[in-house]
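A closer look at the structure
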Amino acid sequence: MPKFAANLSMLFTDIPFLDRFKAAADAGFTAVEYLFPYEYPAPLLAEKLRENGLKQVLFNTAPGNIAAGEWGVSALPDRVEDARRDIDNALEYALALNCPSVLVMGGVVPPGEDRAAYQQTFIDNLRYAADKFAPHGINIMIEALSAKVKPNYLFASQYQALELANLIDRPNVYIQLDFFHAQIVDGNLTQIIHDLDGRIGHIQIASVPDRHEPDEGEINYPFIFAELDRVNYSGWVGCEYHPRGKTEAGLGWAQPWLERKH
């Protein structure tokens, strides 16, 4: 049975970020994720979690200079010091928020650059992150991003993610399987679930092609959820989609599970 976490970067965006914790709890969620916590002091976020009986299950390392086209710096050969500072900062937040998983963002490879150098930098930085987080029982996630969302990102396919995880070779490094990206790039989601069985640390969902609620589009999510049960996936499923309208109005698809209150 899937356990759903509300992605507060995408859901309830009609209200201020700090108010979204209560909105998620009121809607029946018991866990949240979001992209970045760094705009707020960790104790303030921890208090919002406590006030609303929520678990923090995921956030990302810092994205770098978004205005300059960056989306993560852990793969950038000339930004190793920045990447490791971001990793250290993420660890501080993870400890303060009792968060079990952190996504380490890779980065965009500009056309004409040596992709192999970017990949090796990412591997080295991920080993650094994994070794820093391991004593605290915190897992590291890596995520493939489709060109539809992030052109020239270091890796787009779930099988590239699996290859990188194997090269990083750390027991607390897992794949964050976002079915939106996976369907666009790889397809054959059932096969992906089985090929990545045991390596999936977190899941995210959205419809394809429009990235709305998972009750429309070309992915049959009830079937996917049943398949995840068949492989005994016990992690969280993040609701990382853009609601068609008001978030609460579009949660009918989730009510059978939210009403059971994980």
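Residues numbered from 1 in each chain as written. Predicted model: local features only at pLDDT ≥ 70, side-chain atom pairs only at ≥ 80, totals over all residues. Heavy atoms only, no water.

**Here's the deal with the overall build of the protein**
Across its full length, the protein holds nine helices and eight strands. On C-alpha atoms alone, the protein measures out to a radius of gyration of 17 Å, which is about the 18 Å that the 2.2 N^0.38 rule sets for 262 residues. Across its three principal axes, the protein shows a C-alpha extent of roughly 50 × 40 × 35 Å. In the protein, buried positions account for 54% of the 262 residues. Relative to all contacts within the protein whose residues are 6 or more apart in sequence, the contacts with residues 24 or more apart total 76%. Total accessible area on the protein is roughly 11000 Å²; 49% of this is exposed by carbon and sulfur atoms. When the 22 positive and 35 negative side-chain charges of the protein are each reduced to one mean point, those points stand 4 Å apart. (Helix = DSSP H or I, 4+ residues; strand = E, 2+ residues; numbered from the N terminus. Rg over C-alpha atoms; globule rule 2.2 N^0.38 Å. Buried < 20%, exposed > 50% of the residue type's maximum accessible area, 1.4 Å probe, protein only. Contact = heavy atoms within 4.5 Å. Areas by Shrake-Rupley, 256 points an atom, 1.4 Å probe, with all protein chains shown as cover. Lys, Arg positive; Asp, Glu negative; His and termini not counted. Charge placed at Lys NZ, Arg CZ, Asp CG, Glu CD.)

**Looking at the pattern of salt bridges**
Enumeration over the complete set of coordinates arrives at 17 salt bridges. The residue Lys132 makes a salt bridge to Asp88 at a minimum N-O spacing of 3.6 Å. With a gap of 44 residues between them, Lys132 in helix α4 (residues 115-133) and Asp88 in helix α3 (residues 80-97) connect regions that are remote in the sequence. A relative accessible area of 33% places Lys132 in the partly exposed class. The shortest N-O distance in the salt bridge between Arg211 and Glu240 comes to 3.1 Å. Taken together, the residues Arg211 in the loop between β7 (200-205) and α8 (221-230) and Glu240 in the loop between β8 (236-239) and α9 (255-258) connect sequence positions 29 residues apart. The burial state of Arg211 is the same as that of Glu240; both residues are buried. (Salt bridge = Lys/Arg side-chain N within 4 Å of Asp/Glu carboxyl O.)

**A word on the environment of Ile193**
Tracing the backbone through its elements, the reader meets Ile193 in helix α7 (residues 189-195). Judged by its relative accessible area of 0%, Ile193 falls in the buried class. Those residues in contact with Ile193, other than ones at most four positions away along the chain, are Phe179, Ile200, Ile224, Glu227, Leu228 and Val231.

**Structural notes on the UniProt feature "domain: Xylose isomerase-like TIM barrel" (unreviewed entry) in the protein**
With numbering matched to this structure, UniProt assigns "domain: Xylose isomerase-like TIM barrel" (unreviewed entry) to residues 21-254. Helix makes up 38% of residues 21-254 and strand 14%. Its end C-alpha atoms lie 18 Å apart. (UniProt positions renumbered as here; feature names shortened; annotations may be inferred.)

**Thoughts on the packing of α3 against α4**
At a minimum axis separation of 10 Å, α3 and α4 run at an interaxial angle of 30 degrees. Considering their axes alone, α3 and α4 lie roughly parallel with respect to each other. As α3 runs across α4, the sense of the crossing is right-handed. When α3 is examined against α4, the residues Val80, Ala83, Arg84, Ile87, Asp88, Ala90, Leu91 and Ala94 are found in contact with a partner set consisting of Thr121, Asp124, Asn125, Tyr128, Ala129, Lys132 and Phe133. (Axes fitted to C-alpha atoms, helices over the stretch in contact; angles between N-to-C directions. Parallel < 35°, antiparallel > 145°, perpendicular 65-115°, else oblique. Left-handed = near helix turned anticlockwise from the far one by under 90°.)

**Here's the deal with the packing of aromatic side chains**
Counted by the stated rule, this structure contains 16 aromatic pairs. Taking the centre distance of 5.3 Å and the plane angle of 15 degrees together, the rings of Phe17 and Tyr40 count as stacked. Of the two residues, Phe17 sits in the loop between β1 (3-7) and α1 (20-26) while Tyr40 sits in the loop between β2 (31-33) and α2 (42-51), which places them 23 residues apart along the sequence. Among the residues examined, Phe17 registers a relative accessible area of 12% and is labelled buried. A residue is classified by how much of its surface remains accessible, and Tyr40, at 18% relative accessible area, is buried. Each ring, one from Phe122 and one from Phe155, has its centre 5.7 Å from the other, and the planes form 45 degrees; the classification is tilted. In this pair, Phe122 sits in helix α4 while Phe155 sits in the loop between β5 (139-142) and α5 (158-168), placing the two residues 33 residues apart along the sequence. (Phe/Tyr/Trp six-rings, centres within 6.5 Å; stacked < 30°, edge-to-face > 60°.)

**Comments concerning the packing of α2 against α3**
Two numbers describe how α2 lies on α3: the axes approach to 9 Å, and their chain directions differ by 30 degrees. Between α2 and α3, the interaxial angle falls into the category roughly parallel. Crossing of α2 against α3: the hand is right-handed. Residues Ala42, Leu45, Ala46 and Leu49 of α2 form the contact with α3, whose own contacting residues are Tyr93, Ala96 and Leu97. Within the contact of α2 with α3, the residues separate by chemical class into seven nonpolar, no polar and no charged. (Nonpolar A, V, L, I, M, F, W, Y, C, P; charged D, E, K, R; others polar.)

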